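Examination of the molecular architecture
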Amino acid sequence: MAEATNKPVVDPVKMPKIKTNAKTLAHLNTWAIALSSFLGFFLIFAAISSFTKEWAFMPALKQIIPFGATNSTLAMSVPYTLFLALTALGFGLYGIITIGKITDAEALKKAWKNVSKLMFSFVAIYTVYLVALIIGSLVLIGVSGKTYYKDTQKIVWLYQFLPSFLMCLAAGGIAFLAKTIADGKTANARVASFIGIGISGVAFILMFIALMVSIYGN
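The structure reproduced in this document is the subject of the present report. (Residues numbered from 1 in each chain as written. Predicted model: local features only at pLDDT ≥ 70, side-chain atom pairs only at ≥ 80, totals over all residues. Heavy atoms only, no water.)

Topic: the overall build of the protein
What the protein contains, in helices and strands, is six helices and zero strands. Mapped from its N terminus to its C terminus, the protein presents α and β elements in the order α-α-α-α-α-α. A burial count over the protein gives 39% of its 218 residues as buried. For the protein, restricting intrachain contacts to residue pairs at least 6 apart in sequence, the fraction spanning at least 24 positions comes to 81%. Of the roughly 12700 Å² of accessible surface on the protein, 70% is carried by carbon and sulfur atoms. (Helix = DSSP H or I, 4+ residues; strand = E, 2+ residues; numbered from the N terminus. Buried < 20%, exposed > 50% of the residue type's maximum accessible area, 1.4 Å probe, protein only. Contact = heavy atoms within 4.5 Å. Areas by Shrake-Rupley, 256 points an atom, 1.4 Å probe, with all protein chains shown as cover.)

So, in structure tokens, the structure goes:
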């Protein structure tokens, strides 16, 4: 009979250690947090709109997140819907897990400065779009009663203006927080990580419930 030893019979698999330098980690962490917040905010209201029959979430820049938010389309796009929700949650988890490992303050501030620029650009686009919607709505007042333009005001204000306004607020909030970090308040990066995981977590839960309702509630 063979004697037992302390040496394992099968050699353990050695996984390669992936090293990430401090600068890269700061940038990855920053963008993960920003994307989890922005995408999560979008998905929260997309899920809420799916619970109603009178609202479609159609903000400007929707093409960035090509997702149909109506109840009838949710069941038809389950894999992609779950992909978006899990992506947002994954970004949030990565952000909050790695926030304590960042050691390069300058890289962190630079990364958040880039986020601030992008989000302020979104705010500008949303603002121009909102102004265009207001002007368009005023132009259509005289013809909104005609058959072809039926429910035009509802579509403009409820489906497009309100969602775009909400996303403008989200982009503005992220941009403002990003600017404070870029200006030297690096402690706010941890606050941003909590916001990111919180928003993406709520988004995942609401989207999952919306999917269940759309599939089994009809």
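Having seen it, we continue.
A look at the environment of K113
In this structure, K113 sits in helix 4 (residues 105–139). Sequence-wise, K113 and K179 are 66 residues apart; in three dimensions their C-alpha atoms are separated by 6.1 Å.

What about the packing of aromatic side chains?
Under the definition given, this model contains eight aromatic pairs. With a centroid separation of 4.8 Å and an interplanar angle of 50 degrees, the aromatic rings of W157 and F161 are classed as tilted. Taken together, the residues W157 and F161, both in helix 5 (residues 152–182) and four residues apart, mark about one turn of the helix. Owing to a relative accessible area of 35%, W157 belongs among the partly exposed residues under this scheme. Assessed through its relative accessible area of 17%, F161 is described here as buried. (Phe/Tyr/Trp six-rings, centres within 6.5 Å; stacked < 30°, edge-to-face > 60°.)

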